[in-house]
Amino acid sequence: MKKGYVLITGGNKGIGLELAKIFAKNNYPLILVGTDILALYEARNVIKKNYKVPVNLIQRDLTKRNTPNEIYNIIKGKKIQVDILVNNAGFGTYGPFIETNLEKELDLIELNIRALTHLTKLFSKDMAKRFHGKILNISSTSAFQGGPYMAVYFASKAFILHFSDALHSEFKPYGLQVTALCPGPTDTNFTDCAKGSGQAKIFQSMLSPKRVAKAGYNALMKNKLFKVVGIKNNLLRQLNRILPRETAINIAHNCLLKQK
Ligand SMILES: NC(=O)c1ccc[n+]([C@@H]2O[C@H](COP(=O)([O-])OP(=O)(O)OC[C@H]3O[C@@H](n4cnc5c(N)ncnc54)[C@H](OP(=O)(O)O)[C@@H]3O)[C@@H](O)[C@H]2O)c1
């Protein structure tokens, strides 16, 4: 059977690009979204070199309010059917909340929360009509507790996890599957975005984006509710469940503090 398209936001770099390669390997045609046109072309070249699947590119900034509508209309205009939506694009900011840039943090909320919600609304309605579709939302281990110095980012990832939990259950009667992927620190450009955080303890040991993407793909195909990647991250998550909230946040504070 001919496979429907996979739409991956942030499919030109990091975890999104690795996911794109795995979907291509499994014969899924792709639509990749990002702001960096050169990285989009580069991603298409890399994928085309190895796999025989169509790769469509859409250069758009998802912090802009109308972008999800524009992406949806472009795809509709091409009469393309999206069977899998991967809400991966996201960034973080780092620093004491009273000093960090408000505009940047509001953009973070636009991208990590608003655009993800908007795209999910648009594409899930069509998927529900066909009684067929999957959504992979990239959350984070950040979702399990607050993150001092990355307060807005951690809270945005908690939104994604809870939103995904709810839809995983709510969408069952519509034949749709929703999975949240919760990576811990991963070796991508992300640590540059969360400026200054490179020296925090939390970023001293990182998984490869390839490993994270593989875990995400498998979890989606098995219709898992969520997936935490890596033994250490799973242990920390279990610890988080047992410890008092105050203790958990003190540990997170220590891990996120910049090392001298
Ligand atoms: N790396 C980690 O430690 C880690 C841990 C947990 C969760 N995550 C999550 O994993 C996801 C992917 O991040 P990554 O680690 O792979 O980082 P990355 O390499 O920086 O990739 C981020 C992707 O998001 C896209 N993007 C950023 N701003 C955008 C915008 N305004 N409009 C459209 N696309 C935009 C980027 O494309 P352009 O540059 O072309 O805009 C890029 O493809 C994010 O949601 C992140 O929060 C990362």
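That block above? That's the structure.
Source: prediction; values computed, not measured.

**Student:** Before we move on, can you summarise the pairing of strand β5 (residues 133–138) with the specific residues and values?
**Tutor:** Among the six residues that make up β5, six are buried, leaving the element largely enclosed by the rest of the structure. Residues Gly 133, Ile 135 and Asn 137 line one face of β5 and the alternating positions Lys 134, Leu 136 and Ile 138 line the opposite face, and both faces are buried. As defined by bridge partners, strand β4 (residues 82–87) adjoins β5 across four bridges and the pair is classed as parallel. Bridging from a neighbouring strand, Val 86 pairs with Leu 136 of β5. Taken together, β4, helix α4 (residues 102–130) and β5 form a β-α-β motif whose crossover is right-handed. Sheet analysis places β5 next to strand β6 (residues 176–182), joined by six bridges and oriented parallel. The partner of Ile 135 across the bridge, within β6, is Val 178. Handedness of the β-α-β unit built from β5, helix α5 (residues 151–170) and β6 comes out right-handed.

**Student:** Before we move on, could you go through the site of the ligand and cite the residues and values that matter?
**Tutor:** Around the ligand, a shell composed of 28 residues is seen, among which Asn 12, Lys 13, Thr 35, Tyr 153 and Thr 188 lie nearest. Within the contact set of the ligand, an oxygen atom lies 2.5 Å away from a side-chain nitrogen or oxygen of Asn 12. Protein coverage of the free-state accessible area of the ligand, which is 880 Å², stands at 93%. Mapped by element, the contributors of at least two residues to the shell around the ligand are α1 (14–25) and α5. For the shell around the ligand, the class distribution of residues is nine nonpolar, 14 polar and five charged.

Analysis parameters
Residues numbered from 1 in each chain as written. Predicted model: local features only at pLDDT ≥ 70, side-chain atom pairs only at ≥ 80, totals over all residues. Heavy atoms only, no water. Buried < 20%, exposed > 50% of the residue type's maximum accessible area, 1.4 Å probe, protein only. Helix = DSSP H or I, 4+ residues; strand = E, 2+ residues; numbered from the N terminus. Pairing = 2+ DSSP bridges. Right-handed = clockwise from strand over helix to strand, strands pointing away. Near = heavy atom within 4 Å. Polar contact = N/O pair within 3.5 Å; in protein donor to acceptor, adjacent residues only side chain to side chain. Areas by Shrake-Rupley, 256 points an atom, 1.4 Å probe, with all protein chains shown as cover. Nonpolar A, V, L, I, M, F, W, Y, C, P; charged D, E, K, R; others polar.

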